[in-house]
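Residue strings, one per chain:
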Amino acid sequence: MFRKITEKFKNLKLRQRMLLVYAIGCFLPLLFVTLFMFNSSRRSLSNVQINNEKAKLSEGQEKIEADMHLAVELSERVFFDPKEQKIGVPLVSGSGFRLFDYRSFNELTEYVRRYYGNISSICIYVYPDTVDHVDNKFFRLITDTIKEKSWYISTMAHPGTPSWSYLTDLGTGRRSIRLTRVLYTRDYEQAGIISISIDSALTYDFVNNLDGFAFMTLNTRELVHTNFDLTEDEMIFISRIMEEKKSERFDFRDQSCFLSSVRITPRYSEDYYDIIVIRPYDEIDSNIRGSAARTIIPLLGGALIMALAIFLLNSWFSRRITALGKAMHKVVEKDYDTAETGIGDAKDEIYDLYTDMNKMVQNMQSLTEAAAEERVQKEQLYSRQKDVEFKMLATQINPHFLYNTLENIRMLAMINKEKEIEDISVRLTRLLRSSLEAGSELKTLAWEMDKVDCYLKIQEYRFGDRITATLRYDPKKAEKYMIMPLVIQPFVENAYVHAMEDMVEGGRIDIKVEAGSILQILIEDNGNGMSKEELEKIRRGMNDFENLDRTHIGVVNVNQRIKLRFGERFGVTINSEAKKGTQVEILMPLIPADSV
């Protein structure tokens, strides 16, 4: 087999040998490097995402613990005054107390909400003989039913420390974490129990906004919040995983997952809360696969450039070898006309061979022909020789090549931490794509506003603080309605180029979109404006495309597109005054997205 391969290699054409050498020497090593970098990038990005998950949990833990510490501090300083029949609460300034009548308990609740962060409510439970009368939901008597509650038993078992549990809102079904503690008088006599609830949004929203399977437990045994249907068996299984400290791969619901968790331990308490997040590795892989692929785009771009260069070089070299072979074949056939062979004028070994061949032809002619005839033939030969013009192939840059080039620029900017260049590249790519895919089909208003925002951001890098642009619209409505594409940018571009390009400072462009009975777009600037004559000329030419100055083709194009599609009722109106700016109003019908 080795002999057969050797024989086949010997019989290969020169061009085939060159391509084989290029493939073995260039593309195979590049392929191995690309695969290695892709896998390395995936592993690195996977570790980054896992660390970001843990950092997000730690950040939430700090916020929750901070509000729990406030609740603990408040519970330590609240007391009951049996003589005054009032509740004493420390002032926020740190000196003195404020007394609240339990019969107007709403004042105490509002005070706590105003000055103690995310504390949502406070409730006092007192013994029957402590107060004269109880008549509201925030001030209750301790009955035999309450004494049977687990939170009451836990609180009384540790009278000097806070006890933590959770409270369920009967109206919303949400649970909020709650602190209970023995309430004392100023003489340190037990008067009842104080219950402080923290706003449910603090923990409920945090858990529900986490990615993956997330839930929160109290003392490992009781479920407080969850963003998925968690069974008791699954909770026991996950608790065992946490006890074994397995945060690496494990199987959960037929998926390979990893676990992240934080434990929230309030001060002076044996109670604790756990927040656990389980993320499938497949979900992470799907998120990072695209990012990892983008890291090898420069390599692929380099490979394409290398392949193009090799192809052009090989083609050029093969053409000259073929031309030399044809010239030699003509000599063998006694056709000595070898001037127009396509050898070219590159002074290399092929040209030397071609020159030597011509000399050999000349010598052969000098031996077989008379001197006079030889001179005539030489004159004819030299008269026919010309310099062959070497034409470079003008490669038309297609959109995909341009997108890849901009992406390469963005990646280089990101690697070099050039945030502005990276941002401009991204926005310019989006603008170029929009100009190609716009066509005549309607687009959502959100699509149009995104392209205007890209254009404004690019101009912001150019003009800096000289010109300030504002974009006002309702993002929710923008998703619901359709608009003719690329109708706003020409007017914004006119404002920059014609109205305010020479302004040193104070330039302002205001773009406002309102969706009422019709779609109204207002574009205002405080630039140079126009004289009455200039304004009248533009208004006359709004429906006369051929005779209008080419600087205003965009204005006419937008106006005519709108009128041809939607009728004379709609279109563009321009008002301007010299030195006072210009206002453009665009009116179009309100077209719901679900009707297209």
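Relevant structure appears above.
No experiment lies behind these values; they were computed from the predicted model shown.

Student: Help me out: how do you make sense of the overall build of the chain in this one?
Tutor: Counting its secondary structure elements, the chain contains 18 helices and 21 strands. Every one of the 596 residues in the chain was classed for burial, and the buried ones make up 39%. Sequence separation of 24 or more characterises 60% of the internal contacts of the chain that already satisfy a separation of 6 or more. In the structure as shown, the chain presents an accessible area of about 35,000 Å², 53% of it carried by carbon and sulfur atoms.

Student: Explanation requested: the side chain of asparagine 559 in the structure shown.
Tutor: Take asparagine 559: it is sitting in helix H18 (residues 553-566). Asparagine 559 sits in the buried class, given a relative accessible area of 1%.

Student: Got a minute to help me understand the pattern of salt bridges in this structure?
Tutor: Close approach of charged atoms allows side chains of opposite charge to pair. With the rule as written, the count across this model stands at 13 salt bridges. A salt bridge links arginine 174 to aspartate 205; the shortest N-O distance between them is 3.6 Å. With arginine 174 in the loop between strand E6 (163-168) and strand E7 (175-184) and aspartate 205 in helix H6 (residues 200-208), the pair connects residues that are 31 residues apart, well separated along the chain. Aspartate 205 gets classed as partly exposed once you look at its relative accessible area, which sits at 29%. With a closest N to O distance of 2.8 Å, glutamate 514 and lysine 512 form a salt bridge. Residue glutamate 514 is classed as partly exposed on the basis of its relative accessible area, which comes to 35%.

Student: So what exactly am I meant to see when it comes to the nonpolar core here?
Tutor: Across soluble globular proteins, you tend to see nonpolar side chains buried next to one another. Counting residues in each nonpolar core, the largest one holds 48 residues, and the members touching the most others are Ile488, Ile523, Ile562, Val572, Ile574, Ile586 and Met588. A per-element tally of this core places helix H14 (residues 445-463) first, with 9 residues. Setting aside residues no more than four positions away along its own chain, methionine 588 makes contact with Ile483, Met484, Val487, Ile518, Leu519, Ile521, Ile562, Phe566 and Phe570. Core analysis: the second largest hydrophobic core is formed by 42 residues, Val72, Leu108, Val126 and Ala191 among them.

Student: Can you walk me through the sheet that holds strand E3 (residues 97-101) in this structure?
Tutor: A sheet is described by the order of its strands in space; here 3 strands give the open sequence E1-E2-E3, paired in antiparallel fashion. Because the sheet does not close on itself, it has two edges, and the strands there are strand E1 (79-81) and E3. Adjacent strand axes in the sheet meet at a mean angle of 35 degrees when their direction is disregarded. Looking at chain direction, strand E2 (residues 86-90) and E3 are connected through 5 bridges and run antiparallel. Paired with proline 90 across the bridge in E3 is phenylalanine 97.

Student: Hey, could you run me through the side chain of threonine 203 in this one?
Tutor: As for its placement among the helices and strands, threonine 203 is situated in helix H6. Among the polar contacts listed, one links the side chain of threonine 203 to the side chain of histidine 225, at a separation of 2.8 Å.

Student: Any chance you could explain the packing of H14 against helix H16 (residues 489-499) here in plain terms?
Tutor: The relative placement of two packed helices comes down to the angle between their axes together with the axis-to-axis distance. One way to put it is that H14 packs onto H16 with a least axis distance of 11 Å and a crossing angle of 10 degrees. Considering the angle they form, H14 stands roughly parallel to H16. Where H14 approaches H16, its residues Tyr455, Leu456, Gln459 and Phe463 are matched on the opposing element by Gln489, Val492, Glu493 and Tyr496. For the contact of H14 with H16, the class distribution of residues is 5 nonpolar, 2 polar and 1 charged.

Student: Would you mind going over the environment of alanine 71 with me for this structure?
Tutor: Along the chain, alanine 71 turns up in helix H2 (residues 14-77). A relative accessible area of 0% means that alanine 71 is categorised as buried. Sequence separation between alanine 71 and arginine 178 is 107 residues, and the spatial gap between their C-alpha atoms is 9.1 Å. In this structure, alanine 71 is in contact with Ile119, Trp164, Leu179, Ile196 and Ile198, ignoring residues within four places of it in sequence.

Student: Please clarify how H14 should be interpreted in this entry.
Tutor: Note on helix geometry: an α-helix contains 3.6 residues per turn, so any two residues three or four positions apart are oriented the same way. In a regular helix each residue adds 1.5 Å, so 19 residues correspond to 27 Å; H14 covers 26 Å between its end C-alpha atoms and thus fits that length. Immediately downstream of H14, the backbone of glycine 464 shows phi near 60 degrees, a positive value.

Student: Would you mind going over helix H5 (residues 150-157) with me for this structure?
Tutor: All of the buried residues along H5 are Trp151, Tyr152 and Thr155. Buried positions in H5, seen along its axis, are confined to an arc of 100 degrees and lie on one side of it. Against the buried residues of H5 lie strand E4 (119-126), helix H4 (144-147), E6, E7 and strand E8 (190-198).

Student: In this structure, what is going on with the sheet that holds E7? I would like to understand it.
Tutor: In a beta sheet, neighbouring strands pair by backbone hydrogen bonds and run either parallel or antiparallel. What the 5 strands build is an open sheet, ordered E5-E4-E8-E7-E6; its pairing is mixed. Strand pairing shows two members of the sheet lacking a second neighbour, strand E5 (139-141) and E6, which therefore form its edges. Between one strand and the next, the sheet's axes are offset by a mean angle of 30 degrees, whatever the strand orientation. Across 7 bridges, E4 lies against E8 in antiparallel orientation. Directly across from valine 126, in E8, lies its bridge partner glycine 192. Contacts between H5 and the sheet are confined to E4, E6, E7 and E8, with E7 contributing the most and set at about 45 degrees to the helix.

Student: Help me out: how do you make sense of the environment of tyrosine 111 in this one?
Tutor: For tyrosine 111, the location among the structural elements is in helix H3 (residues 105-115). On the basis of relative accessible area, tyrosine 111 is assigned to the buried category, the value being 4%. C-alpha of tyrosine 111 to C-alpha of leucine 91: the two residues are 20 residues apart in sequence and 9.8 Å apart in space. Sequence-distant contacts of tyrosine 111, that is, excluding residues within four places in its chain, are made with Val89, Pro90, Leu91, Val92, Arg98, Phe100 and Tyr116. A distance of 3.4 Å separates a polar side-chain atom of tyrosine 111 from the backbone oxygen of proline 90.

Student: Even after reading the chapter, I still don't get the packing of aromatic side chains, so can you show me in this structure?
Tutor: For any pair of aromatic rings, geometry is given as the distance between the ring centres together with the angle between the planes. In the structure shown here, the tally under the stated rule is 13 aromatic pairs. For the ring pair tyrosine 125 and tryptophan 151, a centre distance of 5.1 Å and an interplane angle of 50 degrees mean the geometry is tilted. Of this pair, tyrosine 125 sits in strand E4 while tryptophan 151 sits in helix H5, and the two are 26 residues apart along the sequence. By relative accessible area, tryptophan 151 is classed as buried at 11%. With a centroid separation of 5.4 Å and an interplanar angle of 70 degrees, the aromatic rings of phenylalanine 213 and phenylalanine 252 are classed as edge-to-face. One end of the pair, phenylalanine 213, is in strand E9 (residues 213-218); the other, phenylalanine 252, is in strand E11 (residues 250-252), and 39 residues separate them in sequence. On the basis of relative accessibility, which here comes to 2%, the residue phenylalanine 252 falls in the buried class. A network of ring pairs unites the aromatic residues Phe213, Phe215, Phe228 and Phe252 as a single cluster. A cation over an aromatic ring shows up here: arginine 178 above the ring of tryptophan 151, its NZ or CZ 4.8 Å from the ring centre.

Procedures and definitions
Residues numbered from 1 in each chain as written. Predicted model: local features only at pLDDT ≥ 70, side-chain atom pairs only at ≥ 80, totals over all residues. Heavy atoms only, no water. Helix = DSSP H or I, 4+ residues; strand = E, 2+ residues; numbered from the N terminus. Buried < 20%, exposed > 50% of the residue type's maximum accessible area, 1.4 Å probe, protein only. Contact = heavy atoms within 4.5 Å. Areas by Shrake-Rupley, 256 points an atom, 1.4 Å probe, with all protein chains shown as cover. Salt bridge = Lys/Arg side-chain N within 4 Å of Asp/Glu carboxyl O. Core = buried A, V, L, I, M, F, W, Y, C linked by side-chain atoms within 4.5 Å. Pairing = 2+ DSSP bridges. Axes fitted to C-alpha atoms, helices over the stretch in contact; angles between N-to-C directions. Polar contact = N/O pair within 3.5 Å; in protein donor to acceptor, adjacent residues only side chain to side chain. Parallel < 35°, antiparallel > 145°, perpendicular 65-115°, else oblique. Nonpolar A, V, L, I, M, F, W, Y, C, P; charged D, E, K, R; others polar. Expected span 1.5 Å × (residues − 1). Arc of directions from axis to C-beta. Phe/Tyr/Trp six-rings, centres within 6.5 Å; stacked < 30°, edge-to-face > 60°. Lys NZ or Arg CZ within 6 Å of the ring centre and 35° of its normal.

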